[in-house]
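The lines below spell out each chain.
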Amino acid sequence: MSATAPRIQVKAPRRVRLVRAVAVALSLTTGGGAAAIFVQYSAVNGLTPLGLVSAVFLFFSTTWLAWGACLGVVGLKPFHLRRPFTHLPPNGRTVVLVPVFNEDPQVTFARVAAMYLSVNKATALPVHFAILSDTRDAAIAKAEDLWFARLLDETGGAGRIFYRRRAQNTGRKAGNIEDFFARSGAAYDFALILDADSLMEGDTIVEMIRRMEADPDLGLLQSLPAVVRAQSVFGRVMQFAAAFFSPVFSRGLARMQGHTGPFWGHNAMVRVPAFVASCGLPVLSGPPPFGGHILSHDYVEAALLARAGWKVRLDTDLKGSYEEGPESIVEHAKRDRRWCQGNLQHLRIIAAPGLRKWSRFVFLQGVFSYIAPVLWAGFLITVVTDRVTAPPPDYFPDPHQFFPVFPSDETAKAIGLAIGIFGLLIMPKLLTATEAIVTRRTRQFGGTFNALLSVLADFILLSIMAPVLMAYQTRSVFQVLMGRDGGWPPNRRGGATLTVAEAWEASRFIVFSGVVGLVVAHFLTVHIILWVLPVLVPMIFSPLIISWTSRLVAPSSHRARLFTTPEEIHTPPILALHDEILARWEKIARTPEAGADTPGLMEPARA
Amino acid sequence: MTMTAVVSIHSPDGTAAPVPDVARAMVLGRLPDAPTQMPTQRLVRDAAPVSFLRALFFGPLGPVGT
């Protein structure tokens, strides 16, 4: 068993602290500069209190944008590959935890079968798998029972693959894992925590065990999962963005985090004694959304491990780690609602005693990532209101003057400011594209031309979707602030096209807001209408945008090739194995002997 | 061959409890019986819930002991 206490209190290396300081200073300077230019522009007709409020909104929004750009710039230089750490066979007792909650057991358990077979091929070390069910739906629970039997038959994994279902899902996923550790944790050195949609190559699991063994102070090792199997327009845009841009931004994050890295809740390995000793989560006083169980538990667990002196590390060079993403804006918004509540709840614990400064900063970043759209919305609203309520220009400030005094034209400053903000948005993507060309990473995305075309299409589509996503995020923030608990609805996995009517149901508040904004802009401040149209038009057409982007894209179609990712060009072995097992199980489920009650015919879990 | 054994369910605090309903709480395959203690970490003072603005501008009520 590994030691239960780290040997050192890890401190961020000097270089890491320097990079952090420079990035923070640059971001604040950029935000301050933008606000100063805006104040100069607004002061032409006399600076109003609303103008000052707009400047404050702009300061925070631009600082946040600049911080994102800094992460991208810092991450441009590739890491030297770490692997392999050692060729010695791993010997840590390891369990792979697969928490499930109303998932389709046929698909999920086939993933477990694939990973079990893959890891057994990679090592002689007996790696255990535990499916930790919190399923509440009786029919799905019955199906889990039957498909678990199939899983054991398929793999011969009896005694190494386990399944248990809790009577009550207290504490949700964190409570589910805590329950496992409470009864079986002492049997293991390492636990690989997955999501129901996670897949990981056996070689990757073994490599993670090796890395944990190589550094006894390492409490948690996070991999960077690639998003796979997206089928819709929205899903493929996000999948491409995750594959093309995320490695760069994640490297930037990894360079700034020092030993205080992130935990994203899945596709990460923990040192069990460290996790058990450090990560027992309290129930916060008061009702949700700010009280009750900690919703975004992963960030808190990473902070607690770091507080106890353990290293938490993100290794972006680890390949063979996969997850699936939401297939529509609505599914994305549902997940985002939960994350929003979880991140804002972190305000309760941001000043907890003993936390590392970077951990507190990470909590603050999480809060900012959700209030940033609100700040942009606040900026737009205050600017429009300020223009509506501003008095007309006074051309004769001195009643005895003969010639009028025209206010100086500061339009150039406004345009310069807009270009600067646009540049902050697009610069990290352009730099990433340049990096991909220089390092020939574009070959993994169907060649340089295809990759650049995809970057352009990604930018256009995200620009169209951004106001819609901003509206959902803004609503989420206000719902949380008003004390509304979003709960933890089950995920709806796989492709599911939304009709315009369904999209309308989910987005009519956005349409209404867009129409009101357009009417106000048209009748009251028509001269700024061009500035707000890029935001208002997508809002008004949000049902069409949501419906169209949820449409499935045939893998062979031209549009499918537009957002090609490395995993689509070369199917990873673990995905191929999962497909193979799933195809076999689907045949079994369709046999007449299986009958109508066969769970393989069951629809996937619906939200 | 599937190994099926109803063992027990565990209450949220991790203590073993009798099985009231084997259909709803089942364990297939015997998980290692190797309990650990997960001490609850203190993060905030167990006081009345703070408002968002108070948390945002003044922090969540400061240090809270061990």
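Residues numbered from 1 in each chain as written. Chains lettered and ligands numbered in written order. Predicted model: local features only at pLDDT ≥ 70, side-chain atom pairs only at ≥ 80, totals over all residues. Heavy atoms only, no water.

Enquirer: How should I be thinking about the overall build of chain B in this particular structure?
Expert: Secondary structure summary: chain B contains one helix and three strands in total. Evaluated residue by residue, chain B yields a buried proportion of 33% over its 66 residues. Partitioning the intrachain contacts of chain B with sequence separation of at least 6 by distance along the chain shows that 17% fall at a separation of at least 24. With an accessible surface of roughly 4,200 Å², chain B has 60% of that area assigned to carbon and sulfur atoms. (Helix = DSSP H or I, 4+ residues; strand = E, 2+ residues; numbered from the N terminus. Buried < 20%, exposed > 50% of the residue type's maximum accessible area, 1.4 Å probe, protein only. Contact = heavy atoms within 4.5 Å. Areas by Shrake-Rupley, 256 points an atom, 1.4 Å probe, with all protein chains shown as cover.)

Enquirer: Explanation requested: the confidence of the model for chain B in the structure shown.
Expert: Interpretation of the predicted coordinates at a detailed level should be avoided for regions scoring low in pLDDT. Residue and element names in this part refer to chain B. On average, chain B scores 51 in pLDDT, and the residues at 70 or more come to 23%. Looking across chain B, the model is least confident in strand β1 (residues 9–10), with a mean pLDDT of 38, and most confident in strand β3 (residues 27–28), with 58. Overall, residues 46–50 carries pLDDT values under 50, and its contacts beyond four positions in sequence, including any with other chains, amount to nine contacts. Here residues 56–66 is modelled with pLDDT under 50, and outside its nearest four sequence neighbours on either side it reaches 22 contacts, counting other chains as well. (pLDDT = per-residue confidence, 0-100.)

Enquirer: Help me understand the packing of helix α12 (residues 357–389) of chain A against helix α14 (residues 448–481) of chain A in this model?
Expert: Axis angle and axis distance: for two packed helices, these are the angle between their axes and the distance between the axes, and together they describe the pair. Residue and element names in this part refer to chain A. In contact at an axis separation of 8 Å, α12 and α14 are set at 110° when each is read in the N-to-C sense. Put simply, α12 runs roughly perpendicular to α14. Facing α12, whose interface residues are S369, Y370, I371, P373, V374 and W376, α14 presents M470, Q473, T474, V477 and F478. For the contact of α12 with α14, a count of residues per class yields eight nonpolar, three polar and no charged. (Axes fitted to C-alpha atoms, helices over the stretch in contact; angles between N-to-C directions. Parallel < 35°, antiparallel > 145°, perpendicular 65-115°, else oblique. Nonpolar A, V, L, I, M, F, W, Y, C, P; charged D, E, K, R; others polar.)

Enquirer: I keep staring at the pattern of salt bridges and nothing clicks. Help me out?
Expert: Two side chains carrying opposite charge are able to pair once their charged atoms lie near each other. Residue and element names in this part refer to chain A. Across all of its chains, the model carries 22 salt bridges over all chains by this definition. With its nearest N and O atoms 3.1 Å apart, the salt bridge here joins E154 to R150. Here the residue E154 and the residue R150 both occupy positions in helix α4 (residues 138–155), the gap between them amounting to four residues, near one helical turn. Taking relative accessible area as the criterion, R150 reaches 26% and is therefore assigned partly exposed. (Salt bridge = Lys/Arg side-chain N within 4 Å of Asp/Glu carboxyl O.)

Enquirer: Even after reading the chapter, I still don't get the pairing of strand β6 (residues 218–223) of chain A, so can you show me in this structure?
Expert: Regular strands place their side chains on alternate faces of the sheet. All names here are of chain A. For β6, the tally of buried residues reaches six of six residues, placing the bulk of the element in the interior. Judged from the five bridges that link them, β6 and strand β9 (residues 311–315) form a sheet pairing that is parallel. Each bridged residue has a counterpart across the sheet, and for L220 the counterpart in β9 is V312. (Pairing = 2+ DSSP bridges.)

Enquirer: Would you explain the confidence of the model for chain A in this entry?
Expert: With 89% of its residues at a pLDDT of 70 or more, chain A shows a mean pLDDT of 88. Every residue in residues 595–607 of chain A is under pLDDT 50, and counting partners more than four places away or in other chains gives 28 contacts.

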